[in-house]
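# Structural overview for review
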Amino acid sequence: MQSFVAAHFIAVKLMLNHPADQPHFRTQRVIWTPTIVILDHRGVGHFQSPGYLPPALFLPMLQIGLARAQLAWARYDEAAAQLTPVADDHASALAPEALYWLGIAWYLQSHRRAPMMRAWDRLRQEHPASIWAARIPPNQEDDP
């Protein structure tokens, strides 16, 4: 996990009770700690994860957060590479979210619905009761 963080992020620890850190909490709209905020190189926030996560979920959460930032910069292949292992871990509570964003990454990369629908059909099939499956608009069909 440390190597993943070192390879992809600049880790910064801010403390809510330190007056010098408080403007960062307001800027990023952080209202609870701990909160992981993933910013791009311009300081724009692309992902937040409030609250504690156990180690088994922490790395997949970071992968999703990194992918979200990569999507904003049109780095679709890199985002898909981060999302795929999370999506493929059927036991992970974060797999549905990864499948949702994987579909979006594939759509943005190809501008075709069929790749997106492969991920979203899998999401509906493997995680039908998840909030992420509920986010798929009704009447979504593959390209003819």
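Everything below is about the structure printed above this text.
Attention here is on the structure that accompanies the text. (Residues numbered from 1 in each chain as written. Predicted model: local features only at pLDDT ≥ 70, side-chain atom pairs only at ≥ 80, totals over all residues. Heavy atoms only, no water.)

Helices and strands together make up the secondary structure of the chain, namely seven helices and two strands. Listed N to C, the secondary structure of the chain is α-α-β-β-α-α-α-α-α in terms of helices and strands. Across its three principal axes, the chain shows a C-alpha extent of roughly 55 × 30 × 30 Å. Among the 144 residues that make up the chain, the fraction classed as buried is 38%. Element-wise, carbon and sulfur atoms account for 58% of the exposed surface of the chain, whose accessible area totals about 8,900 Å². (Helix = DSSP H or I, 4+ residues; strand = E, 2+ residues; numbered from the N terminus. Buried < 20%, exposed > 50% of the residue type's maximum accessible area, 1.4 Å probe, protein only. Areas by Shrake-Rupley, 256 points an atom, 1.4 Å probe, with all protein chains shown as cover.)

This next bit is on unusual backbone geometry. Here the residue pair T33 and P34 is connected by a cis peptide bond, since its omega of -5° sits within 30 degrees of zero. Within the element layout of this structure, P34 appears in the loop between α2 (22-27) and β1 (35-39). With a phi close to 60°, A74 is a non-glycine residue in the positive phi region. Look at H111: it is not a glycine, yet its phi comes out positive at around 60°. Note on placement: H111 falls in the loop between α5 (95-110) and α6 (113-126). Look at H111 and you get exposed, because its relative accessible area is 58%.

What follows covers the pattern of salt bridges. Counted under the stated rule, the structure contains four salt bridges. Among the ionic pairs, E78 bridges to R75, the shortest N-O distance being 2.7 Å. Its relative accessible area of 36% is what places E78 among the partly exposed residues. The salt bridge partner of E126 is R122, with a shortest N-O separation of 2.9 Å. Taken together, the residues E126 and R122, both in helix α6 and four residues apart, mark about one turn of the helix. Shared partners join several salt bridges into a network, and the residues in it are D88, R122 and E126. (Salt bridge = Lys/Arg side-chain N within 4 Å of Asp/Glu carboxyl O.)

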